[in-house]
Amino acid sequence: MKHKVLIIEPSELIVDGLKTLLAAQPSLRLLEPLAGDDDLDARLAMLRPDVLIINPTVNDNVNRLRGDRGTRVVALVYQYVKQSRLRHFDAVIDIRDSRQAIAQTVIDAANSSNEPDTCASAAGNYELTKRETAVLVEVARGLTNKEIAERLNVSVFTVTSHRKNIVRKTGIKSVAGLTVYALLNNLIDEDAVL
Amino acid sequence: MKQTYLYTDPSDKLSLLVTSHPELLLTLSHFGIGLGVGDRSIAELCRDHDVDPRFFLLICNVYTFDNYIPTAEVVRATPMSGLIPYLRRSHAYYLGKRLPHIGRHLEKIAALLPERAAGAIRRFFTTYIDEVTEHFAHEENVVFPHIEALEAGGGDAYSMKDFIAHHGNLEDSLNDLVQIIFKYLPAGATGDDAIDMIFDILEVRRDLHKHSLIEEKILVPYVLNLEKRKK
């Protein structure tokens, strides 16, 4: 699968140069570049780039740019930028780098990116474990995380982590939805629902 | 960067737009524009239905292009008198037509399920309808009157900041329902109705997603501007 690359850069000259240079790379797919960071969170959530190439003067909040998507964030530098501002980026492209070096930086970044979604399916197992089923039953009965932790004699943190796995495996987020799931799978009696 | 793909020409025939993007049919119904538009242009139809063509095109663009979010300048430059009527009509459409339609599918599926599972799935849907009803009622009884007052030059105590803080998401429960129907129905209840229902839910989910996008990216900045101007 091709890696999606998004460029955020106000200068059309730089964008066109970078596009030409990266277009020759068969493993990359270039998304329509953006000129600035308006509505950036929403756009990133929709576009889900594997690699984001951004001028640090536009935005250097790498954690926000990376989100929970595992996007690799590459700084595009052509004016003086303090070293400390570049510290959090996954890689840096200097505009004076050679054609090959720039392409290689982006390809390396793309290869090291991992979408959490694909990560989850790589784990492969969608069966709920015994413990997860036990937590699901309590969730469906309407108990809070704290109550479940006390009842099963584990920490709240453990319960939270089981719940995350339940949501990931079933694809169902709401308590009401999980209750239907539990009933359809005969995990609980209707009388047990509070 | 130019986004040349957007619709910008009110002299285009509306039928051409809808032919290339049939999902706009829903948008037309939210504007109160029926079928049978013949070869008339967007400008003509908008005139007949008292809609500003710039506003009409803005909404069409949001509906059609998944990556399109209008910029603050575009929102500022677009006449918004049609916005509240548009949103009200969309609400009525979801609650009066789309969701009851899904409810009828669900009823047919529930009839094939063991009693307790049927009860659970019916309760899930009823709860969802209640959630949607409450969400829309709040907008229509509190938020929209606030905006209409601002438009008329007045104002009240409500602020759009409250709206931003409390604007909930109506898509998650639909996702859950799709997962349940799609993955966990017992054999024997998975016929054509289940498939029809999934298509219907996916379509209304897309529509609701665009609806929220319009509220968050058009309504909110528009009203924040109004509030600022009043101060």
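Residues numbered from 1 in each chain as written. Chains lettered and ligands numbered in written order. Predicted model: local features only at pLDDT ≥ 70, side-chain atom pairs only at ≥ 80, totals over all residues.

Enquirer: Report on the overall build of chain A, specifying residues and quantitative values.
Expert: For chain A, the helix and strand inventory stands at 10 helices and 5 strands. Per-residue burial for chain A yields a buried fraction of 27% across its 194 residues. Looking at chain A alone, contacts between residues at least 24 apart form 57% of all its contacts between residues at least 6 apart. (Helix = DSSP H or I, 4+ residues; strand = E, 2+ residues; numbered from the N terminus. Buried ≥ 20, exposed ≤ 12 C-beta atoms within 10 Å, placed from the backbone. Contact = placed C-beta atoms within 7 Å.)

Enquirer: So what's going on with the overall build of chain B? Residues and values would help.
Expert: Helix and strand counts for chain B stand at 10 helices and 0 strands. N-terminal to C-terminal, the α/β element order of chain B is α-α-α-α-α-α-α-α-α-α. Classification of the 231 residues of chain B by burial places 26% in the buried group. A separation of at least 24 residues holds for 74% of the contacts in chain B among residues at least 6 apart in sequence.

Enquirer: How would you sum up the sheet that holds strand β4 (residues 72–77) of chain A? Please name residues and give values.
Expert: All names here are of chain A. What the 5 strands build is an open sheet, ordered β2-β1-β3-β4-β5; its pairing is parallel. The open sheet has two edge strands with one neighbour each: β2 (28–30) and β5 (91–94). If you compare each strand with its neighbour and ignore which way they point, the axes differ by 25 degrees on average. The sheet contact formed by strand β1 (residues 3–8) and β2 spans 3 bridges and is parallel. Its bridge partner being in β2, Val5 is matched across the sheet by Leu30. Against the sheet, helix α1 (residues 12–23) touches β1 and β2, its axis set at about 150 degrees to β2. On the sheet, helix α5 (residues 99–112) packs against β1, β2, β3 (51–54), β4 and β5 and is oriented at approximately 160 degrees with respect to β4. (Pairing = 2+ DSSP bridges. Axes fitted to C-alpha atoms, helices over the stretch in contact; angles between N-to-C directions.)

Enquirer: Any details on the confidence of the model for chain A? Residues and values, ideally.
Expert: With 91% of its residues at a pLDDT of 70 or more, chain A shows a mean pLDDT of 85. Throughout residues 115–123 of chain A the model reports pLDDT below 50, and contacts reaching past four residues in sequence, or to other chains, amount to 6 contacts. (pLDDT = per-residue confidence, 0-100.)

Enquirer: I'd like a description of the pairing of β4 of chain A, backed by residues and values.
Expert: Residues and elements named next belong to chain A. Burial runs high along β4: 5 of the 6 residues are buried. Where β3 and β4 come together, 4 bridges link them in parallel fashion. Bridging across to β4, Leu52 finds its partner in Val73. Judged from the 4 bridges that link them, β4 and β5 form a sheet pairing that is parallel. Counted as the bridge partner of Ala75 is Val92 from β5.

Enquirer: I'd love a proper account of the environment of Ala118 of chain B, names of residues and values included.
Expert: Residues and elements named next belong to chain B. By the element assignment, Ala118 lies in helix α7 (residues 115–151). We classify Ala118 as partly exposed; it has 19 C-beta atoms within 10 Å. For the pair Ala118 and Glu107, spaced 11 residues apart in sequence, the C-alpha to C-alpha distance is 8.6 Å. Sequence-distant contacts of Ala118, defined by excluding residues within four places in its chain, comprise Ala110 and Leu113.

Enquirer: Break down the interface of chain B and chain A for me, citing the residues and quoting the values.
Expert: Across the boundary between the two partners, chain B contributes 22 residues, which contact 23 residues of chain A. Put simply, the parts of the chain that give the side of chain B that touches chain A at least two residues each are α7 and α9 (172–183) of chain B. Taken together, the residues of the side of chain B that touches chain A break down into 9 nonpolar, 7 polar and 6 charged. (Nonpolar A, V, L, I, M, F, W, Y, C, P; charged D, E, K, R; others polar.)

Enquirer: Break down helix α4 (residues 53–64) of chain B for me, citing the residues and quoting the values.
Expert: Relative to the 16 Å expected for 12 residues at 1.5 Å per residue, α4 of chain B spans 16 Å between its end C-alpha atoms, a close match to the ideal helical length. Among the residues of α4 of chain B, those classed as buried are Phe56, Leu57, Leu58, Ile59, Cys60, Val62 and Tyr63 of chain B. (Expected span 1.5 Å × (residues − 1).)

Enquirer: Describe the packing of helix α2 (residues 24–31) of chain B against helix α6 (residues 83–110) of chain B, and please don't skip the residues or the numbers.
Expert: Residues and elements named next belong to chain B. Packing of α2 against α6 brings their axes to within 8 Å, and their N-to-C directions diverge by 115 degrees. The orientation of α2 with respect to α6, classified from their angle, is roughly perpendicular. As α2 runs across α6, the sense of the crossing is right-handed. Two secondary-structure elements touch here, α2 through Ser29, His30 and Phe31 and α6 through Tyr86, Arg89, Ser90 and Tyr93. Residues of the contact of α2 with α6, tallied by class, amount to 3 nonpolar, 3 polar and 1 charged. (Parallel < 35°, antiparallel > 145°, perpendicular 65-115°, else oblique. Left-handed = near helix turned anticlockwise from the far one by under 90°.)

Enquirer: Give me the packing of α4 of chain B against helix α10 (residues 192–230) of chain B: which residues, what numbers.
Expert: Residue and element names in this part refer to chain B. At a closest axis distance of 10 Å, the pairing of α4 and α10 adopts a crossing angle of 130 degrees. Relative to α10, the element α4 is oriented oblique. Crossing angle aside, the handedness with which α4 passes α10 is right-handed. Contacts between α4 and α10 involve Ile59, Val62 and Tyr63 on the former and, on the latter, Lys210, Leu213 and Ile214. A per-class count over the contact of α4 with α10 returns 5 nonpolar, no polar and 1 charged.

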